[in-house]
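Listed below, chain by chain, are the residues.
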Amino acid sequence: MMRADNLFKTFNPGTPLENPVLRGLSLTIESGQFVTVIGSNGAGKSTFLNAISGDISPDSGSLFIDGQDVTRQSAWQRAALVARVFQDPLAGTCEGLTIEENLALAMQRGQGRGLSRAVKASYRAAFRDKLATLKLGLENRLGDRMGLLSGGQRQAVSLLMASLQPSRLLLLDEHTAALDPKTAAFVLELTDRIVTENKLTALMVTHSMRQALDHGHRTVMLHQGRVVLDVSGDSRSRMDVPDLLAMFEQTRGEKLDDDALLLG
């Protein structure tokens, strides 16, 4: 379970560039729930994920993961609790290391590391089995450097890496935004499968209202650093993109620009 209570975050406070991004954001995600997050540019989506992962610290408020107060913990201190897949396929893996070396590092996420050999012989069979589930032929390329893979292949491996060690929360940071539509559809299908099979608690940020409704169990919308919409269950299953857009406009009392959120 993840619980955010009344989070505030302002960048460059007291300067002409002061930017209040989180303004009392609160959200609870139950264990095993897959939540999609949407919002216009500047709504606070990335800042919220950075606060959860420990990459930034909120000015005030509290964050709990699986009942543990992680508000002031650094990213490495909560590494065993939180896994993340980034928008940039280059960000979540090391292109200079081989596929098996990247997977071996993921196997040790949140654990102490000594000077022993990173890739153990006992890992290789497990890596091949896991990679075979992707149906990309990567199980036969363990020794290839990650930099040789396409963006979609790297995101597929990143998802696999995020699920190798049990984590309490999986963060998906617009992880299909840099991919072409066909590859994005493949990665989203893989995401659904990995989240379901591993019974993960997941939070997926997307700019696509279509993706937000087609994936996960619940959709929340952020605006000006707060949750302004939260839909799930039957009401969500009956919704289409125009319905979600209309709800946002009604909630905020303003019309959303066509390019503020992607409809497709």
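Residues numbered from 1 in each chain as written. Predicted model: local features only at pLDDT ≥ 70, side-chain atom pairs only at ≥ 80, totals over all residues. Heavy atoms only, no water.

Under an unreviewed UniProt entry, the chain has the name ABC transporter ATP-binding protein and belongs to Aquitalea magnusonii. Of the chain, the UniProt comment under Sequence similarities (unreviewed entry) reads exactly: "Belongs to the ABC transporter superfamily." Comment text from UniProt for the chain, heading Subcellular location (unreviewed entry), reads "Cell membrane". (UniProt positions renumbered as here; feature names shortened; annotations may be inferred.)

Participant: Lay out the side chain of Thr219 in plain terms, naming residues and giving numbers.
Facilitator: Topologically, Thr219 is positioned in strand β9 (residues 218-223). Within the local environment of Thr219, its side chain forms a polar contact with the backbone oxygen of Ala212, the two atoms lying 2.7 Å apart. Non-local contacts of Thr219, meaning those with residues more than four positions away in its chain, are made with Thr36, Ile38, Ala212, Leu213, Leu229, Asp230, Val231 and Arg236. (Helix = DSSP H or I, 4+ residues; strand = E, 2+ residues; numbered from the N terminus. Polar contact = N/O pair within 3.5 Å; in protein donor to acceptor, adjacent residues only side chain to side chain. Contact = heavy atoms within 4.5 Å.)

Participant: Quick one: what's the story with the pattern of salt bridges, residue by residue and with numbers?
Facilitator: Following the criterion strictly, the structure yields 10 salt bridges and no others. For Asp144, the salt bridge identified is with Arg141, shortest N-O distance 2.6 Å. By relative accessible area, which is 24% here, Arg141 ends up partly exposed. Of the charged contacts, one joins Asp230 and Arg218 as a salt bridge, the two residues approaching to 2.8 Å between their closest N and O atoms. Highlighted residues: Asp230 in strand β10 (residues 226-232) and Arg218 in strand β9, separated in sequence by 12 residues. (Salt bridge = Lys/Arg side-chain N within 4 Å of Asp/Glu carboxyl O. Buried < 20%, exposed > 50% of the residue type's maximum accessible area, 1.4 Å probe, protein only.)

Participant: Any details on helix α2 (residues 99-107)? Residues and values, ideally.
Facilitator: Within α2, 7 of the 9 residues are buried, which leaves the element mostly enclosed by the surrounding structure. Buried within α2 are the following residues: Ile99, Glu100, Asn102, Leu103, Ala104, Ala106 and Met107. In this structure, the buried residues of α2 make contact with α3 (121-132) and α4 (151-164).

Participant: Describe α3, with residues and values.
Facilitator: Across its 12 residues, α3 extends 18 Å between first and last C-alpha, which sits within 8% of the 16 Å expected from 1.5 Å per residue. Residues Tyr123, Phe127 and Leu131 constitute the buried set of α3. Projected onto a plane normal to the axis of α3, the buried residues spread over an arc of 60° and lie on a single side. When the buried face of α3 is taken as reference, the exposed residues oriented beyond 90 degrees from it are Ser122 and Asp129. On its buried face, α3 is in contact with α2 and α4. (Expected span 1.5 Å × (residues − 1). Arc of directions from axis to C-beta.)

Participant: Before we move on, can you summarise the packing of aromatic side chains with the specific residues and values?
Facilitator: Taken as a whole, this structure holds 1 aromatic pair when the rule is applied. For Arg3, the ring lying beneath its charged end belongs to Phe64, and the centroid distance is 4.3 Å. (Phe/Tyr/Trp six-rings, centres within 6.5 Å; stacked < 30°, edge-to-face > 60°. Lys NZ or Arg CZ within 6 Å of the ring centre and 35° of its normal.)

Participant: Could you give an account of the sheet that holds strand β1 (residues 2-11), naming the residues involved and the relevant values?
Facilitator: Pairing is antiparallel in the open sheet, where 4 strands are placed in the order β2-β1-β4-β5. Where the open sheet ends on each side, the last strands, each with one partner, are β2 (19-29) and β5 (68-69). Sheet topology note: the β1/β2 ladder contains 8 bridges and is antiparallel. Bridge pairing in β2 places Ala4 opposite Leu27. Where helix α1 (residues 45-53) meets the sheet, it contacts β1, β2 and β4 (60-65), and its direction lies at approximately 115° from that of β1. (Pairing = 2+ DSSP bridges. Axes fitted to C-alpha atoms, helices over the stretch in contact; angles between N-to-C directions.)

Participant: Lay out the environment of Ala156 with the relevant residues and their values.
Facilitator: Looking at where Ala156 falls in the secondary structure, it is placed in helix α4. Judged by its relative accessible area of 0%, Ala156 falls in the buried class. For the pair Ala156 and Leu17, spaced 139 residues apart in the sequence, the C-alpha separation amounts to 38 Å. With sequence-adjacent residues up to four places away left out, Ala156 is seen in contact with Leu134, Leu136, Phe186 and Leu190.

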